[in-house]
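In case you want the letters, here they are:
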Amino acid sequence: MQQTQACPLCKNSAEFDSRNHGNRKHFWCITCVEFQISRVAEDLLASSIPQWRSQNSEKAKQSNQTEVWVITKSDAPREEGVAYEVLKGEYILRSELP
């Protein structure tokens, strides 16, 4: 069942449906086109710098008939003195999406 909320990337109105037992949302947005985002990544993105949202919006716009941009929380271990990427984005084949 599709629902409506502000797009987590551009803040325009967007539609989404829940995937992966409610752990992800699949968005369709007039600006960002199409992407999936985990609930954890959505919360992190909401409090992040605007540049992260715009970068992910640009990547989402490049989704196509075979791949979709998916944003999740990085599972890379945090090391002292090493830059840590909180979010991970990658193109995933539609056939492999939840």
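Residues numbered from 1 in each chain as written. Predicted model: local features only at pLDDT ≥ 70, side-chain atom pairs only at ≥ 80, totals over all residues. Heavy atoms only, no water.

Participant: Any chance you could explain the packing of aromatic side chains here in plain terms?
Facilitator: The way to describe two aromatic rings as a pair is by their centre distance and the angle between their planes. Counted under the stated rule, the structure contains three aromatic pairs. Here F16 and F27 contribute two aromatic rings whose centre-to-centre distance is 5.3 Å and whose plane-to-plane angle is 35°, an arrangement assigned as tilted. Within this pair, whereas F16 is found in strand β2 (residues 13–19), its partner F27 is found in strand β3 (residues 24–29), the two being separated by 11 residues in sequence. Residue F27 is classed as buried on the basis of its relative accessible area of 0%. By way of ring pairs, the aromatic residues F16, F27 and F35 are connected into one cluster. (Phe/Tyr/Trp six-rings, centres within 6.5 Å; stacked < 30°, edge-to-face > 60°. Helix = DSSP H or I, 4+ residues; strand = E, 2+ residues; numbered from the N terminus. Buried < 20%, exposed > 50% of the residue type's maximum accessible area, 1.4 Å probe, protein only.)

Participant: Is there a simple way to think about the pairing of strand β4 (residues 33–38) in this case?
Facilitator: Side-chain positions along a regular strand alternate between the two faces of the sheet. The element β4 is extensively covered by neighbouring structure, given that five of its six residues are classed as buried. Remark: three residues form the turn of the hairpin made by β3 and β4, two consecutive strands paired antiparallel. In terms of strand pairing, β4 meets strand β5 (residues 67–73) through three bridges, oriented parallel. Paired with Q36 across the strands is V70, a residue of β5. (Pairing = 2+ DSSP bridges.)

Participant: Is there a simple way to explain the confidence of the model for the chain in this structure?
Facilitator: Atomic detail in the predicted coordinates should be set aside for any region of low pLDDT. This prediction gives the chain a mean pLDDT of 91; 90% of its residues lie at or above 70. No element of the chain has a lower mean pLDDT than helix α1 (residues 39–46), at 93, and none a higher one than β3, at 98. (pLDDT = per-residue confidence, 0-100.)

Participant: Looking at this structure, I do not really get helix α2 (residues 50–61). What am I missing?
Facilitator: Helical periodicity: at 3.6 residues per turn, an α-helix aligns residues three or four positions apart in one direction. The terminal C-alpha atoms of α2 lie 17 Å apart, and with 12 residues this matches the ideal 16 Å at 1.5 Å per residue to within 8%. Residues of α2 that are buried: R53, N56, S57 and A60. Buried residues along α2 cover an arc of 110° about the axis, so they all sit on one side. Structurally, α2 contributes buried residues whose contacts are with β4, α1 and β5. (Expected span 1.5 Å × (residues − 1). Arc of directions from axis to C-beta. Contact = heavy atoms within 4.5 Å.)

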